[in-house]
Amino acid sequence: MAAISLRDYQQAGVDGIRAAFRRNESPVLFVLPTGGGKTYTFSYIASSAAERDNTVIIIVHRKELLLQASQALTNLGIAHGMISPHFTADPRQKVQVASVDTLLIRLKKRKYDFSLVIFDEAHHVLEKNKWGRAWDLLGRPPMLGVTATPVRGDGKGLGAHCGGVFLDMVQGPTVLELIGRGMLLNPIVYTSLEQPDLDGLKTNSEGDYNLADLAQRVDKPKITGSAVSQYQKICPGARAIVFCASIAHARHVVEQFNAAGYKFALLVGQPEMSDAERTDVNKRLRRGDLDGACTVDLVSEGYDLPDLTCCIMLRPTASEALFLQQVGRVMRPSDGKTQCWLLDHVGNVGAIQDGEFKRKHGMPNEEREWSLDGKAKGKGKKKVEKVIDVFQCPKCYLAHMPAPTCPACGHLYEVKTRQLEEVDGDLHQLTPEVVEAMKRQKKTEVSGARELADLERIAAERGYKPGWAKNVFESRKRVKPKRIVERPPEPPLEELKAMTIEQLERVAREQGWPKEFASDFFHSQQALGGQ
């Protein structure tokens, strides 16, 4: 076996996993973002266990993942057997790689004795589903789960107290940290003004939208048709993966890209495509013979093709895990690859609607607080951000923060700069600076609202709880001095925009406004391209 050298964060993860096992806190969930080397890390753990005369089984749920795990073990010089109808069994090997479905069938006829169970894509493992049953039938030996997205499709937790099985979680670096290390690329994100109608759409047992119903909502010219035109505008020729709502939808999208002069192919599972056909498409993508492929779910998890540079989302998803898995397909670096794009036509990141940015799953690189408890649900979870102006260059079509010239091509705008037009299907870019400016402006708007009617309007626009406006208004009244203070006239907004921060502080004192008003207003104007 070849010597395996771990990166520092992988070694820290292994140390944390071993410490959890020593505390008898198995099963353990190890979280590492896409591109961080999950397969490499659990292969090292399997090899180390086998060297100590332990037997290990690595369980996956798709043939593509089975082949990927086997290839990783082979590359590391780790001998192993396969529990799959597609391969000849080799029970002598201490490390086995198994398809969960095949394993369940064979467990009906025979027993296996393993010292350690490793589940890949472990966000699927629940107490009462097939993954949980497989572990149970194996006698519940020590178990490690690995995933990039430790949350179920319905947002519920993976802890044993939530219907999952895990007792402890070990977390590796975040997506942002891996981007900083150069191990992932930070995607350029575009989102659309035209959104599919999801009202009344049913969800399945995993908490995601029903695909049969979803396809009827998204396979329409305003969404599907704009995919080609926006691809041509933003990143023409970038090797792309397109996520669709159904096989029929994927076929339509392939036809439209090919009609525009590009080379796209269908990439779906059986019975629509055989193993040989899928392998051929993957080889053509790797060689660059294809510009892209259209899929439904096949490429979402564990698909390793780092040359992909553009993720086009034409399928809305309620699952944060699926969203992150899909965009993760294009964030892996490779030779000559310096950037990647997410073209979100269906509002999975969020969308600017009626003048407001409404967050759904958020930016791919944002910090996320993972927990075995899952995501908080309830009335107070809704997040609404105030949108700022976005410019779109008429030459290269980049959407960006307000500026006198386009940062991409240098186009000089007219004195009265054109704002982004609300054209059906057009995309515009969301950057961390844009999102931060949205937050500042949202806070400033509340600080500047002096009348109850203004606060009620804000509450209605943002979906705040009943009584929020009155509570804020009454709390301000309680802290006001009892004596009547003569105040100068309130300066017009245009005058406020032209003031220095010291002048704003003076006005805030004179008007009795909150002390943070000056700083918030001044910095929001800077972010918006003001003074």
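Residues numbered from 1 in each chain as written. Predicted model: local features only at pLDDT ≥ 70, side-chain atom pairs only at ≥ 80, totals over all residues. Heavy atoms only, no water.

Before going further, it helps to examine the nonpolar core. Leu103, Tyr231, Phe257 and Ile312 are the most contacted members of the largest nonpolar core, which has 118 residues in total. Top element by residues in this core is helix H2 (residues 38-51). It accounts for six residues. With residues up to four places along the chain from it excluded, the contact list for Tyr231 reads Pro236, Gly237, Ala238, Ala240, Phe257, Tyr262, Phe264, Asp291, Cys310, Ile312 and Leu343. With ten residues, the next largest nonpolar core counts Leu504, Val507, Ala508 and Trp513 among its residues. (Core = buried A, V, L, I, M, F, W, Y, C linked by side-chain atoms within 4.5 Å. Buried < 20%, exposed > 50% of the residue type's maximum accessible area, 1.4 Å probe, protein only. Helix = DSSP H or I, 4+ residues; strand = E, 2+ residues; numbered from the N terminus. Contact = heavy atoms within 4.5 Å.)

Bringing the packing of aromatic side chains into the picture now. Taken as a whole and judged by the stated rule, the model has six aromatic pairs. Ring centres of Tyr231 and Phe257 lie 5.4 Å apart, and the angle between their planes is 80°; this geometry places the pair in the edge-to-face category. Placement of Tyr231 in helix H8 (residues 221-234) and of Phe257 in helix H9 (residues 247-259) is noted, with a sequence separation of 26 residues between them. Taken individually, Tyr231 and Phe257 each receive the classification buried, so the pair is uniform in this respect. Directly above the ring of Tyr112 sits Arg110, whose terminal nitrogen or CZ lies 3.9 Å from the centroid. (Phe/Tyr/Trp six-rings, centres within 6.5 Å; stacked < 30°, edge-to-face > 60°. Lys NZ or Arg CZ within 6 Å of the ring centre and 35° of its normal.)

Moving on, we come to H2. With 14 residues, H2 extends 20 Å from end C-alpha to end C-alpha; this agrees with the ideal 20 Å at 1.5 Å per step. Buried residues dominate H2, accounting for twelve of its 14 residues. Every buried residue of H2 is listed here: Lys38, Thr39, Thr41, Phe42, Ser43, Tyr44, Ile45, Ala46, Ser47, Ser48, Ala49 and Ala50. Looking one or two places after H2, you find Asp53, whose phi comes out positive at around 70°. (Expected span 1.5 Å × (residues − 1).)

Next up on the list: the environment of Ala459. Within the fold, Ala459 resides in helix H13 (residues 452-462). The exposure class assigned to Ala459 is buried, which follows from its relative accessible area of 12%. Taking the C-alpha atoms as reference, Ala459 lies 9.7 Å from Val446; in sequence the two are 13 residues apart.

Further remarks concern the pattern of salt bridges. Counted by the stated rule, this structure contains 16 salt bridges. Where Arg92 meets Asp90, a salt bridge forms, and the shortest distance between an N and an O atom there is 3.0 Å. Classification of Arg92 as exposed rests on a relative accessible area of 69%. In this structure Asp90 comes out as buried when scored by relative accessible area, which is 18%. (Salt bridge = Lys/Arg side-chain N within 4 Å of Asp/Glu carboxyl O.)

At a minimum axis separation of 10 Å, helix H4 (residues 100-107) and helix H5 (residues 130-137) run at an interaxial angle of 45°. It follows that H4 is oblique to H5 by the angle criterion. Like other packed secondary-structure pairs, H4 and H5 cross with a definite hand, here left-handed. Each of Val100, Asp101, Leu103, Leu104 and Leu107 in H4 lies in contact with H5, whose residues at this interface are Lys130, Trp131, Arg133, Ala134 and Leu137. Residues that form the contact of H4 with H5 fall into these classes: seven nonpolar, no polar and three charged. (Axes fitted to C-alpha atoms, helices over the stretch in contact; angles between N-to-C directions. Parallel < 35°, antiparallel > 145°, perpendicular 65-115°, else oblique. Left-handed = near helix turned anticlockwise from the far one by under 90°. Nonpolar A, V, L, I, M, F, W, Y, C, P; charged D, E, K, R; others polar.)

In the structure shown here, the tally under the stated rule is zero disulfides. Cys310 provides the cysteine sulfur closest to Cys311, a residue in no disulfide bond, and the two sulfurs are 7.2 Å apart. (Disulfide = S-S within 2.5 Å.)

A word on unusual backbone geometry. Following Ser26, the chain continues into Pro27 via a peptide bond in cis, with omega recorded as 5°. Relative to the helices and strands, Pro27 is located in the loop between helix H1 (8-22) and strand S1 (28-31). Of note in this structure, Glu121 is not a glycine but carries a positive phi near 50°. Turning to its location among the elements, Glu121 is positioned in the loop between strand S5 (116-120) and H5.

You can see Asp168 is positioned in strand S7 (residues 168-171). Judged by its relative accessible area of 14%, Asp168 is buried. Reaching out from Asp168, the side chain makes a polar contact with the side chain of Arg23 at a distance of 2.7 Å. Residues contacting Asp168, with those up to four places away along its chain left out, are Ala20, Arg23, Glu25, Pro27, Val28, Leu29 and Leu372. (Polar contact = N/O pair within 3.5 Å; in protein donor to acceptor, adjacent residues only side chain to side chain.)

With respect to the helices and strands, the residue Asn365 is situated in the loop between strand S15 (356-359) and strand S16 (384-386). Polar contacts involving the side chain of Asn365 include one to the side chain of Asn186, which spans 2.9 Å.

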